[in-house]
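The residues making up each chain are set out below.
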Amino acid sequence: MGDARKPNRNWSREQTLLAFQFYCETPFGQLHGRNPKIVALADLIGRTPSAVAMKCVNFASLDPQIRESGRSGLTNVSALDRRVWEEFHSNWDALIDECEAVRSRLQDESGIRDASQDDNGPDFEGDFTGDTRTAVVRLRVRQEFFRRAVLSGYGYKCCISGVSEPRLLVASHIVPWKEDASIRLHPGNGLCLSAIHDRAFDKYLFSLTDDYRVLLSTRLKCTRDRFLQDVFLPIEGTAITLPERFVPQQDFVQRHRGRMLDSDAAR
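Residues numbered from 1 in each chain as written. Predicted model: local features only at pLDDT ≥ 70, side-chain atom pairs only at ≥ 80, totals over all residues. Heavy atoms only, no water.

(A) View of the nonpolar core. By size, the foremost hydrophobic cluster in this structure holds 68 residues, and its most contacted members are Phe20, Tyr23, Phe88 and Leu191. Filtering out sequence-adjacent residues up to four positions away, Leu191 remains in contact with Val150, Tyr154, Cys159, Val170, Ala171, Ser172, Ile174, Phe201, Leu208, Ile240 and Pro248. (Core = buried A, V, L, I, M, F, W, Y, C linked by side-chain atoms within 4.5 Å. Buried < 20%, exposed > 50% of the residue type's maximum accessible area, 1.4 Å probe, protein only. Contact = heavy atoms within 4.5 Å.)

(B) Geometry of the packing of helix α1 (residues 13–25) against helix α2 (residues 36–45). Between α1 and α2, the shortest axis-to-axis distance is 11 Å and the interhelical angle comes to 165°. Between α1 and α2, the angle is such that the two are roughly antiparallel. Crossing angle aside, the handedness with which α1 passes α2 is right-handed. Between α1, through Gln15, Leu18, Ala19 and Phe22, and α2, the contact on the second element is made entirely by Lys37, Ile38, Leu41, Leu44 and Ile45. (Axes fitted to C-alpha atoms, helices over the stretch in contact; angles between N-to-C directions. Helix = DSSP H or I, 4+ residues; strand = E, 2+ residues; numbered from the N terminus. Parallel < 35°, antiparallel > 145°, perpendicular 65-115°, else oblique. Left-handed = near helix turned anticlockwise from the far one by under 90°.)

(C) Seen up close, the environment of Tyr204. Checked against the element boundaries, Tyr204 lands in the loop between α8 (195–202) and β3 (206–208). Given the relative accessible area of 9%, Tyr204 is considered buried. Counting along the chain gives 59 residues from Tyr204 to Ser263, while the straight-line C-alpha distance between them is 7.4 Å. Ignoring sequence-local partners within four residues, the contact set of Tyr204 consists of Pro176, Glu179, Ser217, Arg219, His256, Arg259, Met260 and Ser263.

(D) Representation of the pattern of salt bridges within the structure. Evaluated as defined, the whole model comprises 19 salt bridges. Arg142 serves as the salt-bridge partner of Asp97, at 2.4 Å between the closest nitrogen and oxygen. With a gap of 45 residues between them, Asp97 in helix α6 (residues 92–110) and Arg142 in helix α7 (residues 130–153) connect regions that are remote in the sequence. Judged by its relative accessible area of 18%, Arg142 falls in the buried class. Where salt bridges share partners, they join Asp93, Asp97, Arg138 and Arg142 into one cluster. (Salt bridge = Lys/Arg side-chain N within 4 Å of Asp/Glu carboxyl O.)

Spelled out as structure tokens, the structure:
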């Protein structure tokens, strides 16, 4: 990889990687040169804020959901932009690890603290050292990327209830984290849900139809719990609010729904 901070008209792979990660984690409406986090990222990689904002918007041209919404982005997408887009979609884990390695190296070499990640750093519980600490850092970074990519796509609102209190929002995996390592970080494998909806979804008490409507399990429809009746029965058949990018992939939804139906049949 080249030097991300070396003055050059052409974008390097390193710069493009960090710009794409930022695109994934940031609401579309915040992709402008006045955003302090874009200013911070631009400082780190040696680009102007307007150039970083334009690069992020370039990626919107490759995003089917953004195009369908009428926000086509810019049209000067480079071959490198397309290659990074395709690489991320084929291996999210490896690219996020690479992004964090680039970010760490640039901060060490430049002495610039990357304020674009101020609310995106891993927290630690316990005194970890050596390989254990490295593994924990990597896991937390990956989990935080998934959370930010999913929640920002939904505008930080539960896609069912509309709850917007960040402390009550969960980036819920459609196909569980432990079930398929290849899609753990894929934002299209996520839903922004309130804590109670996340728990119910995780336990296969409800799922989604192919047109993204709520499908309740037989177990939930038969509950005698008044609170659960009040929360869940009214939402059956209602359409979830879809994200502005990374719409839940149909095959992931179908896998989840199949598990719910299996659980009902085994009841």
